[in-house]
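Understanding the architecture of this molecule
Each chain, letter by letter, is given below.
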Amino acid sequence: MAQVPGQGLLVDSCEVERPRWNSKLQYLLSCIGFAVGLGNIWRFPYLCQTHGGGAFLLPYLIALVFEGIPLFHIELAIGQRLRRGSIRVWTTISPYLGGVGLGCFTVNILVSLYYNTVLVWVLWYFLNSFQHPLPWSSCPPDLNRTGYAEECQGSSPVSYFWYRQTLNITADIQDSGTIQWRLLICSATCWAVLYLCVIRGIETTGKAIYFTALFPYLVLTIFLVRGLTLPGAVEGLIYLFTPNMQILRNPRVWLDAATQIFFSLSLAFGGHIALASYNPPRNNCKNDAVTIALVNSLTSLYASITIFSVMGFKATNDYSQCLDSNILTLINEFDFPERSIPRDDYPAVLMHLNTTQPERVAQLPLKSCCLKDFLDKSASGPGLAFILFTEAVLHMPGAPGWAVLFFGMLFSLGLSSMFGNMEGIITPLLDVGVLPKGVPKEVLTGLACLTCFLLATCFTLQSGSYWLEIFDNFAASLNLVVFAFLEVIGVVYVYGMRRLCEDIEWMTGQQPGLYWRVSWWVVSPVLLLSILLAYIILLAQRPPSYKAWSPQNGQFPSREEKFYPGWVQAVCMLLSFLPLLWVPAVALTQLLAQHRRRLKDTQPDSSMKPEEGRG
């Protein structure tokens, strides 16, 4: 590798023409938009709620300091110093590590396929929000127009709109069903919008990012102000952040904290390497890493406060409706005057009736009403966005306007994350020169988006949501942890700690301190290895399963848990290990190529010896 004294790797002369960000703010917003995504809205609040409230922040903070920020710093540093995409970065560090770049590139494609499908769902809900009443506010009539759809009456209008009118989901993953044309049209629209935004790389995304990265913060603030004025908001926040320190004894809490930091910062995708490659060589990447990581974590906390202020309102509203239903039952049964039992007096009245007339009370269909039970109805992922929160919006005055804001925010969050994903795909392709130099970048970008659109068509099938869950669980998790581990090992132990520190000093003006060195040397690799082992152990404990929406299930509307059939489990294994195969394949190819070169170098010498002897 070409070097200059004290500067590690030398940038090729051809890289002088590489595009650059128009401003530092544009770059920071692009990285924040890539890191801050849907998981900050629908994953972090769920983890806080289920893992001890405020107590979860302790392992989360430890993982941020010793895993997230150090790894993030490495990605920004190598991208900025080498000024290449993920594939060329790793072949430059060592030809034997080229498989790491190809693996990250492959994972990025797989993740982009299903991540943009979530935007398809968001767009469908966004378009359906421009009507009053909202289409998920009531059950539709049945085919005979004599009543309501039976499946909707057996579940809820919100669930029916999601599972039947949006996904039209099948009851089993082996029943693929047909393509849902409304979702296919939305998919084409999403990929077209994405193409228009990334058509010229950072030149166009740098302009769009001002809206897509900042608009979600505006909407979150609006929801927070409105949420805090709703009844029950305080109860939701108290429930969210009340610490349960005993739960920290559970290893799963620490594993979830570490993985949340890892995926929230979008590490090992290659997107941050690509974005940093357009920076000036002397940019202070250390400050960037700390700033972006802190903004990402504070956004998760801010979103949690916003989400649970609204969810507290929903729980309080459901609790009040439960009490009103029971009060009405008591009034009808015991001929009490209307409105004679206030909600606050209901427990005392029920206790009195249980004491005086227990037989009559026991025969009544009274519901169990407890505010904590309603607050316990947590969900993450699509369950939070498309079921719980959409139901909460129904109870808010001016529901369609709030629905438009909410799904507009989700679309902006997902779109800005897709900017980073596409840079992680297109930048490496440009670096390796897959198209002739005369072909404009717009053509390559269009081909990439068109190919991804065609591949993602499988998610518009009736069984598409089951397959999206498989991609989410198996295509990314294991691969990204392994690639992040290889990134640290490759940079620290192959490229070398001394050369890395010299490069960072050249870029930032100061050597990395003890905290950075210890984190890179020991702490981050050990944490990543622990996460990898824990994840494999969890996978091995039981066969993979999924929850099917089946109206024929006896426990309906609860979803039926089913195990994946053998051929689907084979696909799961393939997704888990296919990107990883690039690492040994490239290393073996390099070994064979080096062996051939050695043989070729020795052949002329051996052929000269007989001639020398005859001479």
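Reading guide: rules and limits
- Residues numbered from 1 in each chain as written.
- Predicted model: local features only at pLDDT ≥ 70, side-chain atom pairs only at ≥ 80, totals over all residues.
- Heavy atoms only, no water.
- Salt bridge = Lys/Arg side-chain N within 4 Å of Asp/Glu carboxyl O.
- Helix = DSSP H or I, 4+ residues; strand = E, 2+ residues; numbered from the N terminus.
- Buried < 20%, exposed > 50% of the residue type's maximum accessible area, 1.4 Å probe, protein only.
- Patch = residues over 30% accessible without salt bridge, like charges linked within 9 Å, V, L, I, M, F, W, Y side chains within 5 Å.
- Areas by Shrake-Rupley, 256 points an atom, 1.4 Å probe, with all protein chains shown as cover.
- UniProt positions renumbered as here; feature names shortened; annotations may be inferred.
- Contact = heavy atoms within 4.5 Å.
- Polar contact = N/O pair within 3.5 Å; in protein donor to acceptor, adjacent residues only side chain to side chain.

1. Things to note about the pattern of salt bridges
Applying the stated rule across the entire model yields 13 salt bridges. Put simply, R81 and D503 hold a salt bridge, and the shortest N to O gap is 3.6 Å. With a gap of 422 residues between them, R81 in helix α4 (residues 57-82) and D503 in helix α21 (residues 464-508) connect regions that are remote in the sequence. Of the two residues examined, R81 and D503, each falls in the buried class. Between R542 and E561 there is a salt bridge, with its nearest N and O atoms 2.9 Å apart.

2. Focus: a nonpolar patch on the surface
A cluster of nonpolar residues, L58, I62, F66, M245, W254 and Y515, forms a patch on the protein surface that exposes about 510 Å² of accessible area. Counting residues per element, the nonpolar patch draws most heavily on α4, which supplies three residues. Along the chain, the position of W254 falls in helix α12 (residues 251-264). W254 gets classed as partly exposed once you look at its relative accessible area, which sits at 34%.

3. Focus on the UniProt feature "binding site: Na(+)" (unreviewed entry) in the protein
Here the UniProt-annotated "binding site: Na(+)" (unreviewed entry) positions come out as G33, A35, V36, N40, S264, N296, L413 and S417. A compact arrangement is adopted by the annotated residues: their sequence extent is 385 residues, whereas the largest C-alpha distance between any two is 12.5 Å. On the basis of relative accessible area, N296 is assigned to the buried category, the value being 1%. Excluding anything up to four places from it in sequence, N296 contacts A35, V36, N40, S264 and L265. Only 3.1 Å separates the side chain of N296 from the side chain of N40, close enough to count as a polar contact. Within the secondary structure, S417 is located in helix α19 (residues 399-432). Those residues within four positions of S417 in sequence are excluded, and the remaining contacts are G33, F34, V36, G37 and Y115. Side chain to side chain, S417 and Y115 meet in a polar contact 3.5 Å long.

4. Some thoughts on the side chain of Q260
With respect to the element layout, Q260 can be found in helix α12. When its relative accessible area of 6% is taken as the criterion, Q260 is described as buried. With near-sequence residues (within four places) excluded, Q260 lies in contact with G39, R43, F44, L47 and Y60.

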